[in-house]
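Letter by letter, the chains look like this.
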Amino acid sequence: MEDPSHVSFPVVAAPAPEKQWDNGTWLVTEFVLVGFSNLPELRPTLFTLFLLTYLVTLSGNATIITIIQVDRTLHTPMYRFLAVLSLSETCYTLVTIPNMLAHLLMESQAISIAGCRAQMFFFLGLGCSHCFLLTLMGYDRYVAICHPLRYSVIMRPTVCLCLGALVFCSGFSVALVETCMIFSSPFCGTGRVEHFFCDIAPVLKLSCADSAHKGLGIFFLSVLVVLFSFLLILLSYAFIVAAIVRIPSAAGRRKAFSTCAAHLTVVIVHFGCASIIYLRPDSGANPSQDRLVAVFYTVVTPLLNPVVYTLRNKEVRVALRKSLARGCGLCLL
């Protein structure tokens, strides 16, 4: 009888991507996300770290949305846009992080081409919408500081609703164009995506057709979205700074700038990460570096939004304390 202590379990190899033969070429019918398969000893640690960060991010964004909805003093365009940003960040993390956490528990993970297309579409759509939404929030601060007497007229609810709809329609329109460009031709080769989600550069590398012109078109479209949004934000802040400098009292200047500090912090981090990944002609040339930056903007940056707006925004802190005090009072009854 075989000694039970020496019984070995079969090692399951990473599944190879499914392929089909067509005109002398093996076409890929599904992808395999490589992810963190080259770091087997770190996967349990990464899983725990990313899961905790994800739960804190969800809790933080849910808290901001709830506080803004419950507290009437926060029913202003600035905080309505912040609630939309928190909701958008939550959806943004849902597109990539659950899949990444599942990947960390397995050797490899296959994803269908349709699933990859859907993931990329929503990831790019929400990412572009974030750029436009941060631009809209910058415009809101410009109107509030430079035209305070006309603020309630310019940023009335119907206008805010239309601008919000325009933000997401524009973002997902850009995503649709880019996704259609990438998936317009079949894929061949190894079928291994050197990433933990379906991002532009690693998927485009697997295209059977010459992807140089597609890559160039997507690069210029990304430049247009990121730089156009960022330049509009810079223009808004140029007018804001000019208006703040003219405020006679130091206390007034501090108060005016404090309403912009949190937004400016999120802008710098968001556009900084987007520029590193998408505004390089050789995007995707270093998969390990791209994965590291991608971890930052898919895991850390969404956490930054609730942390920054909770710690640096006085009105949100006051509303949070009031909500906690009411909750504690109900618990004591």
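Residues numbered from 1 in each chain as written. Predicted model: local features only at pLDDT ≥ 70, side-chain atom pairs only at ≥ 80, totals over all residues. Heavy atoms only, no water.

**Topic: the UniProt feature "transmembrane region" (unreviewed entry) in the protein chain**
UniProt records the feature "transmembrane region" (unreviewed entry) at residues 46-70, 82-106, 118-139, 159-177, 216-245, 257-279 and 291-311, using the numbering of this structure. Across residues 82-106, helical content stands at 92% and strand content at 0%; the span's end C-alpha atoms are separated by 36 Å. Taken end to end, residues 159-177 is 100% helix and 0% strand, and its two terminal C-alpha atoms sit 27 Å from one another. (UniProt positions renumbered as here; feature names shortened; annotations may be inferred. Helix = DSSP H or I, 4+ residues; strand = E, 2+ residues; numbered from the N terminus.)

**Overview of helix H1 (residues 43-70)**
Taking 1.5 Å per residue as the helical rise, H1 with its 28 residues ought to reach 40 Å, and the 40 Å between its terminal C-alpha atoms agrees with that figure. Burial in H1 covers these residues: Arg43, Leu46, Phe50, Thr53, Tyr54, Thr57, Gly60, Asn61, Ile64, Ile67 and Ile68. (Expected span 1.5 Å × (residues − 1). Buried < 20%, exposed > 50% of the residue type's maximum accessible area, 1.4 Å probe, protein only.)

**Things to note about the pattern of salt bridges**
Oppositely charged side chains can form a pair if their charged atoms are brought close together. On inspection of all chains with the given rule, the structure shows 2 salt bridges. For Lys322, the salt bridge identified is with Asp71, shortest N-O distance 3.5 Å. On the criterion of sequence distance, the pair formed by Lys322 in helix H10 (residues 314-332) and Asp71 in the loop between H1 and helix H2 (77-104) is long-range, its members being 251 residues apart. Exposure remark for Lys322: the relative accessible area of 36% places this residue in the partly exposed category. (Salt bridge = Lys/Arg side-chain N within 4 Å of Asp/Glu carboxyl O.)

**Things to note about the pairing of strand S3 (residues 30-33)**
Burial along S3 is two-sided: Glu30 and Val32 facing one way and Phe31 and Leu33 facing the other are all buried. Where S3 meets strand S4 (residues 109-112), 4 bridges bridge the pair, whose relative direction is antiparallel. By the bridge assignment for S4, Val32 is matched with Ala110. Pairing of S3 with strand S5 (residues 192-193), which is carried by 2 bridges, proceeds in the parallel orientation. Bridged to Leu33 within S5 is Val193. (Pairing = 2+ DSSP bridges.)

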